[in-house]
Amino acid sequence: MSERRLRCDVVVVGAGPAGMSAAQAAASHGASVIVVDAQPQPGGQIWRHDVRDGAPPPSSTLQAALAAAGVTLLPQSEVVGSAGRRLFVRIGNDGATIDHEALVLATGARELLLPFPGWTLPGVTGAGGAQALAKQGWPVRGQRVVLAGSGPLLLAAAATLRRHGADVLGIHEQAALPAVAGFAAGLWRWPGKLAQALQLRASLAAVPYRTGSHVLRAIGDDRLRAVELRVGGRSIELECDMLGCGFGLVPNVELALSLGCALDDGTPHPRVIVDDVQRSSIAHVYAAGEACGIGGVDCARIEGGIAGHAAVGQARAARALLSRRARARRFAAALRKTFALHDDIRALADGSTLICRCEDVRLDALAGCDGARETKLMTRFGMGPCQGRICGTALAEIRGVARTGFRVPIFPVSLDVLSCFDDAPRIHPQES
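Residues numbered from 1 in each chain as written. Predicted model: local features only at pLDDT ≥ 70, side-chain atom pairs only at ≥ 80, totals over all residues. Heavy atoms only, no water.

(A) Seen up close, the overall build of the chain. From N to C terminus, the chain includes 14 helices and 23 strands. The C-alpha radius of gyration computed for the chain amounts to 22 Å, which stays within 12% of the reference 22 Å derived for 432 residues, consistent with globular compactness. With respect to the three principal axes, the spread of C-alpha positions in the chain is 60 × 50 × 40 Å. The proportion of buried residues among the 432 residues of the chain is 52%. Of the contacts formed within the chain by residues at least 6 apart in sequence, a portion of 65% connects residues at least 24 apart. (Helix = DSSP H or I, 4+ residues; strand = E, 2+ residues; numbered from the N terminus. Rg over C-alpha atoms; globule rule 2.2 N^0.38 Å. Buried < 20%, exposed > 50% of the residue type's maximum accessible area, 1.4 Å probe, protein only. Contact = heavy atoms within 4.5 Å.)

Written out as structure tokens, the structure is:
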């Protein structure tokens, strides 16, 4: 194997709405741009390529614009390490270095998965995970599906699953009816969002939508057989083949942290701190979209544009988008307030519930552990392949314990790939 040496003005990590928008903005000023993304197709999670329906129109439009501008896309690629303004990247089974003047982090978010009895049974996934499986061709036709949790992702997942032939038995929203109704009544302030909501609800008219309702436990032996739910103050049991639980999203900040970017850790799930033009605490590193706080697709696209313009020194073009960003962030704040998780959701796990799936650590094993470091040392919590992405964020949510540290490389990489690099990338353990 040999090392590829690449160079560009701007390198963008992530090919979702924020990343593609950043690449388009930077390229519009004549900059050379390389986009690194782990998936085989651009679009990120929200615009994930559908094996049957292809890419959503906004994604297709952006992809065409990037191709016309000469932007280089490196699919199925991940950042392994860094040294100054050089990134070490795995591309398939090979390694490459990318020297750059500016870096835009558009690393997106992942689902917040909260443990409850039975959540590790085959057939139980995140709501977004169920949607992704359907888009990637997983056979869901005829499957009986229940969706539970909080937020609009439940509706989007239900629509995708139905379109692929699943029988969606119900959507169980933990937020109370007055909160949901009040949010819906205020959507007139965002006409585009109102139109989307009406269209989505129309497509799901036949699916029961229960507010003030949440999952209690998943039931089954070798796989999911049924789910117990709290509905209207009483518990009911529904037989089903798949349960998708959506409790919100968590910013992906591991790469930003490994680069030394300052994070806002005043919440259970840190975000990258940026200035008015999306610049991080490191002068040549910018961040956009969900990595800066969960804001949705509109916010991601606007912030990506701001970061892309600013990364090539076009401050005026960047600041022209600030009012649009403020409007998008106001919508995100209203969404966050309406669908904030209730304490009942955080208290679903009992002592025998697995918290760390990689290392088989149950909740009662964490009794007496003080802080993330002791928790990890005493139980191996967070030391498995996910490096605390699932269990660490869950524990931060339900107990307020800071996430356990992770190690670079952020994702597993073979020694064959590391051996490609003439200069060793910076790979130091990151501890909390």
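Still more to cover.
(B) Molecular detail of the sheet that holds strand E14 (residues 234-239). The strand order E12-E13-E14 describes an open sheet built from three strands, whose pairing is antiparallel. Each of the sheet's edge strands pairs with one partner strand only, and the pair in question is strand E12 (214-220) and E14. The sheet shows a mean angle of 25° between the axes of neighbouring strands, direction not considered. Here E12 pairs with strand E13 (residues 224-231) via six bridges, running antiparallel. Note that in E13 the partner of Arg217 across the bridge is Glu228. (Pairing = 2+ DSSP bridges. Axes fitted to C-alpha atoms, helices over the stretch in contact; angles between N-to-C directions.)

(C) Just the environment of Ala317, in detail. Summarising the element assignment, Ala317 is placed in helix H9 (residues 315-319). With 265 residues separating them along the chain, Ala317 and Arg52 place their C-alpha atoms 38 Å apart. When near neighbours in sequence (up to four residues on either side) are disregarded, Ala317 contacts His29 and His309.

(D) Spatial organisation of helix H4 (residues 153-163). Within H4, the full set of buried residues consists of Leu154, Leu155, Ala157, Ala158, Ala159, Thr160 and Leu161. Two residues or fewer after H4 comes Gly165, characterised by a positive phi angle close to 100°.

(E) Geometry of the packing of helix H1 (residues 17-27) against helix H8 (residues 297-311). Following both chains from N to C, one finds H1 and H8 inclined at 30°, their axes separated by 7 Å at the closest point. As far as their axial angle goes, H8 and H1 are roughly parallel. Both H1 and H8 take part in a crossing whose hand is right-handed. Across the interface between the two elements, Pro17, Ala18, Ser21, Ala22, Ala25 and Ala26 from H1 touch Val297, Ala300, Arg301, Gly304, Gly305, Gly308 and His309 from H8. (Parallel < 35°, antiparallel > 145°, perpendicular 65-115°, else oblique. Left-handed = near helix turned anticlockwise from the far one by under 90°.)

(F) Representation of the environment of Asp94 in the model. With respect to the secondary-structure elements, Asp94 resides in strand E6 (residues 94-105). Judged by relative accessible area, which is 34%, Asp94 ranks as partly exposed.

(G) Inspection of the packing of aromatic side chains at higher detail. Here the structure, examined in full by the defined rule, presents three aromatic pairs. Between Phe183 and Phe331, the ring centres sit 5.9 Å apart and the planes meet at 45°, which makes this aromatic pair tilted. Of this pair, Phe183 sits in helix H5 (residues 177-185) while Phe331 sits in helix H10 (residues 322-338), placing them 148 residues apart in sequence. For the pair Phe183 and Phe331, a shared accessibility class is recorded, and that class is buried. Their ring planes at 75° and their centres at 5.7 Å tell us that Phe183 and Phe339 sit as a pair that is edge-to-face. Separated by 156 residues along the polypeptide, Phe183 in helix H5 and Phe339 in the loop between H10 and helix H11 (343-346) bring together distant segments of the chain. Each member of the aromatic cluster is reached from another via a ring pair, and the members are Phe183, Trp190, Phe331 and Phe339. Across from the ring centre of Tyr209, 5.2 Å away, lies the NZ or CZ of Arg201, which sits over that ring. (Phe/Tyr/Trp six-rings, centres within 6.5 Å; stacked < 30°, edge-to-face > 60°. Lys NZ or Arg CZ within 6 Å of the ring centre and 35° of its normal.)

(H) Summary view of the packing of helix H3 (residues 127-135) against H4. Close contact between H3 and H4 brings their axes to 9 Å; oriented N to C, the two are set at 25°. When the interaxial angle is binned, H3 and H4 end up roughly parallel. Handedness of the H3/H4 crossing: left-handed. Facing H3, whose interface residues are Ala127, Gly128, Ala130, Gln131, Ala134 and Lys135, H4 presents Leu153, Leu154, Ala156, Ala157, Thr160 and Leu161. Its residues assigned to classes, the contact of H3 with H4 shows eight nonpolar, three polar and one charged. (Nonpolar A, V, L, I, M, F, W, Y, C, P; charged D, E, K, R; others polar.)

(I) Fine view of the environment of Ala334. Tracing the backbone through its elements, the reader meets Ala334 in helix H10. On a C-alpha basis, the gap between Ala334 and Ala175 in space is 13 Å, while along the polypeptide they are 159 residues apart. Setting aside residues no more than four positions away along its own chain, Ala334 makes contact with Phe183 and Trp190.

(J) Fine view of the state of the cysteines. The final tally for this structure, using the stated rule, is zero disulfides. Lacking any disulfide linkage, Cys240 is separated from the closest cysteine sulfur, that of Cys245, by 9.5 Å. The structure places no disulfide on Cys292, whose sulfur is separated from the nearest cysteine sulfur, that of Cys299, by 8.4 Å. (Disulfide = S-S within 2.5 Å.)

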